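Structure assessment
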Amino acid sequence: MPGVETYTQHSSWNLKKWTYIGSLLDKWTVSNSTPIERPLKVFVTLGTIKPYVFERAVDAVLEILRPSDSVVWQLGTSWRDGLPGESFRELTSEEVDFNIRHADVVITHAGVGSIINILDAGSSPVLAIRKKRYNEHIDDHQQQIADTMVKRGLAQALDLERPDRSTLLTAAYRTVETRSNDE
């Protein structure tokens, strides 16, 4: 159509008719702050998509928490009793935002909406990646999202097979800022 310009935010899609203009992810930059030497305040939000349960994430987080850590869980379909801290099936968006802003580290499924909320709040998320082969999601798009986030340095990926507390500590001392339009 004459007069219509088309753009893409994916550099690999840069074609004659689709010009690459940058990505939404260019909006944020990450810097390191002072490492945290005290128990962590952790917020875990695993999404609420039915019918997909995400037990591997819950188990991995339990492995790397310390008894002195404070934790709030938003579990959706991955509900289980007896977890340390406070547990909720679902939280309002206001409650999620509050918990993100008051946590040292936020662990989330690799959903775009959750990641953007966490970045906008100034935190670098720890991503627990749902996999199709474990019946945790319909496909493996969360792996693609996580790979992009980690490559850009905006997030950490939690190894659900061999979880390591250093992943939490790294994310806890990272600060995310919105780039100015001049950068």
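Given the structure is predicted, the values throughout are model-derived calculations rather than measurements.

**A word on the sheet that holds strand β4 (residues 41-45)**
The strand order β6-β5-β4-β7-β8-β9 describes an open sheet built from six strands, whose pairing is parallel. Each end of this open sheet is capped by a strand with a single partner; those strands are β6 (86-88) and β9 (156-157). Where β4 and strand β7 (residues 105-109) come together, four bridges link them in parallel fashion. Bridging across to β7, T45 finds its partner in T108. Sitting on the sheet, helix α2 (residues 93-102) is in contact with β4, β5 (70-74) and β7, with an inclination near 145 degrees to β4. Here helix α3 (residues 112-120) sits on the sheet in contact with β7 and β8 (126-128), set at roughly 165 degrees to β7.

**Here's the deal with the pattern of salt bridges**
By the definition in use, this model includes eight salt bridges. Here D120 ties to K27 by a salt bridge, and the two come within 3.3 Å at their closest N and O atoms. Separated by 93 residues along the polypeptide, D120 in helix α3 and K27 in the loop between β2 (19-20) and β3 (28-32) bring together distant segments of the chain. Taking the relative accessible area as the measure of exposure, K27 reaches 34% and is therefore partly exposed. Of the charged contacts in the structure, one is a salt bridge between R162 and D159, with a shortest N-O distance of 3.6 Å. For D159, a relative accessible area of 32% puts it in the partly exposed group. Salt bridges linked by common partners bring E55, D59 and R80 together as one network.

**Structural notes on the pairing of β7**
For β7, a buried count of five out of five residues is recorded, marking the element as mostly surrounded by other parts of the structure. What you see with β7 is no split at all: V105, I107 and H109 on one side and V106 and T108 on the other are buried throughout. Here β7 runs beside β8; their pairing, made up of three bridges, is parallel. What sits directly across from T108, in β8, is L127. With α3 bridging β7 and its parallel neighbour β8, the resulting β-α-β unit is right-handed.

**A few points about α3**
Looking at α3, one finds that the buried residues are S114, I115, I118 and L119. Burial along α3 is one-sided: seen end-on, the buried residues are contained in an arc of 130 degrees. For α3, the secondary structure elements touched by its buried residues are β3, α2, β7, β8, α4 (141-151) and β10 (174-178).

**Section: the environment of F88**
Looking at the secondary structure, you find F88 in strand β6. Look past the residues within four positions of F88 in its chain and what remains in contact with it is V72, W73, Q74, L75, G76 and W79.

**Quick look at α4**
Listed as buried for α4 are Q142, I145, A146 and M149. Looking straight down α4, one finds its buried side chains confined to an arc of 95 degrees; they lie on one side. Exposed and oriented more than 90 degrees from the buried face of α4 are Q144 and K151. Lining the buried residues of α4 we find β7, α3 and β8. The positive-phi residue at the C-terminal boundary of α4 is G153, with phi of around 80 degrees.

Cut-off values and rules
Starting afresh in each chain, residues are numbered from 1 along the sequence in its written order. Only residues with pLDDT of 70 or above have their local features reported here, since the model is predicted, and side-chain atom pairs are shown and tallied only from 80 upward, although totals for entire chains, interfaces and linings are computed over all residues. Side-chain calculation: all heavy atoms of the structure are included, whereas hydrogens and water are not. When DSSP finds two or more bridges between a pair of strands, those strands are recorded as paired. Under the scheme used here, helices are H or I runs from DSSP no shorter than 4 residues and strands are E runs no shorter than 2 residues, and both carry numbers assigned from the N terminus. When checking whether two residues touch, look at their non-hydrogen atoms; a contact exists if any pair is within 4.5 Å. Only C-alpha atoms enter the line fits that serve as axes; for helices the fit covers just the stretch in contact. Angles between N-to-C directions range over 0 to 180 degrees. The term salt bridge refers to a pairing of a side-chain nitrogen on Lys or Arg with a carboxyl oxygen on Asp or Glu at a separation within 4 Å. Burial classification: accessible surface area is computed with a 1.4 Å probe over protein chains only, and a residue below 20% of its type maximum counts as buried, one above 50% as exposed, and the rest as partly exposed. Whether a crossover is right-handed comes down to one check: with the strands pointing away from the viewer, does the path from the first strand over the helix to the second run clockwise; if it does, it is right-handed. This arc describes the spread of directions from the helix axis toward the C-beta atoms.

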